[in-house]
Amino acid sequence: MITKLAIFEGTVKPGQTAAMRAFVKSELVPLWRAFDGAHRVRVLYAAEPKDGNGAGGEDGPSVPLILQVDYQSHTDLDRAMASDARHRSRAMLPAFYEQFFETVTLRHHTFEVY
């Protein structure tokens, strides 16, 4: 099993957390679930917000959103990275950032799960 995380580190604009989550649910999640080869898609939102915008504690970064996608194999991951749904979702990110985030950095991490 391969797990890929997309960690959205940053600060949501004041008063935009609910709208950001609604946009993710209606616009991005359907594309993320359509990645070729995706086995399971999970979206994680900060449960204990830092300054109202994302978990991180006083010393850590604010992380209001994480996308977790599990794949059965590296072949499935490769298919997903080449899929049309992935390219369409990536094309939406600049407008998503502009509308909902004051600051944002997207970090990707891939893990092998045993």
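None of the values given here were measured: they were computed from a predicted structure.

The helix and strand inventory of the chain stands at three helices and four strands. Secondary structure elements of the chain, listed N to C terminal, follow the sequence β-α-β-β-α-α-β. Looking at the chain as a whole, 39% of its 114 residues qualify as buried. At a minimum sequence separation of 6, the contacts of the chain that also span at least 24 residues come to 76%. Within the structure as shown, the chain displays about 6500 Å² of accessible surface, and the carbon and sulfur contribution to it stands at 51%.

A few words on the packing of aromatic side chains. Taken as a whole and judged by the stated rule, the model has nine aromatic pairs. When the ring of Phe 8 is compared with that of Trp 32, the centres are 6.5 Å apart and the planes differ by 40°; the resulting orientation is tilted. Of this pair, Phe 8 sits in strand β1 (residues 2-12) while Trp 32 sits in helix α1 (residues 17-33), placing them 24 residues apart in sequence. For Phe 8, a relative accessible area of 2% gives the class buried. You can call Trp 32 buried: its relative accessible area is 3%. Pairwise contacts between aromatic rings join Phe 8, Phe 23, Trp 32, Phe 96, Tyr 97, Phe 100 and Phe 101 into one cluster.

Counting through the fold element by element, Gln 68 comes out in strand β3 (residues 65-71). The buried category is assigned to Gln 68, whose relative accessible area is 12%. When the C-alpha atoms of Gln 68 and Arg 40 are compared, they prove to be 8.0 Å apart, with 28 residues separating the residues in sequence. Filtering out sequence-adjacent residues up to four positions away, Gln 68 remains in contact with Thr 3, Lys 4, Leu 5, Arg 40, Val 41, Arg 42 and Leu 44.

This part covers helix α3 (residues 84-100). When the terminal C-alpha atoms of α3 are compared, their 24 Å separation across 17 residues agrees well with the 24 Å that a helix rising 1.5 Å per residue should span. Most pronounced at Leu 93, the bend in α3 amounts to some 35°, and the proline Pro 94 follows within four residues. Taken together, the buried positions of α3 are occupied by Ala 85, Arg 86, Ser 89, Leu 93, Phe 96, Tyr 97 and Phe 100.

Let us now look at the side chain of Asp 76. Relative to the helices and strands, Asp 76 is located in helix α2 (residues 74-82). Owing to a relative accessible area of 14%, Asp 76 belongs among the buried residues under this scheme. If sequence neighbours within four positions are ignored, Asp 76 has contacts with Asp 36, Gly 37 and Tyr 71.

About the criteria used
Residues numbered from 1 in each chain as written. Predicted model: local features only at pLDDT ≥ 70, side-chain atom pairs only at ≥ 80, totals over all residues. Heavy atoms only, no water. Helix = DSSP H or I, 4+ residues; strand = E, 2+ residues; numbered from the N terminus. Buried < 20%, exposed > 50% of the residue type's maximum accessible area, 1.4 Å probe, protein only. Contact = heavy atoms within 4.5 Å. Areas by Shrake-Rupley, 256 points an atom, 1.4 Å probe, with all protein chains shown as cover. Phe/Tyr/Trp six-rings, centres within 6.5 Å; stacked < 30°, edge-to-face > 60°. Expected span 1.5 Å × (residues − 1). Bend = angle between axes of the 7 residues up to and from the residue.

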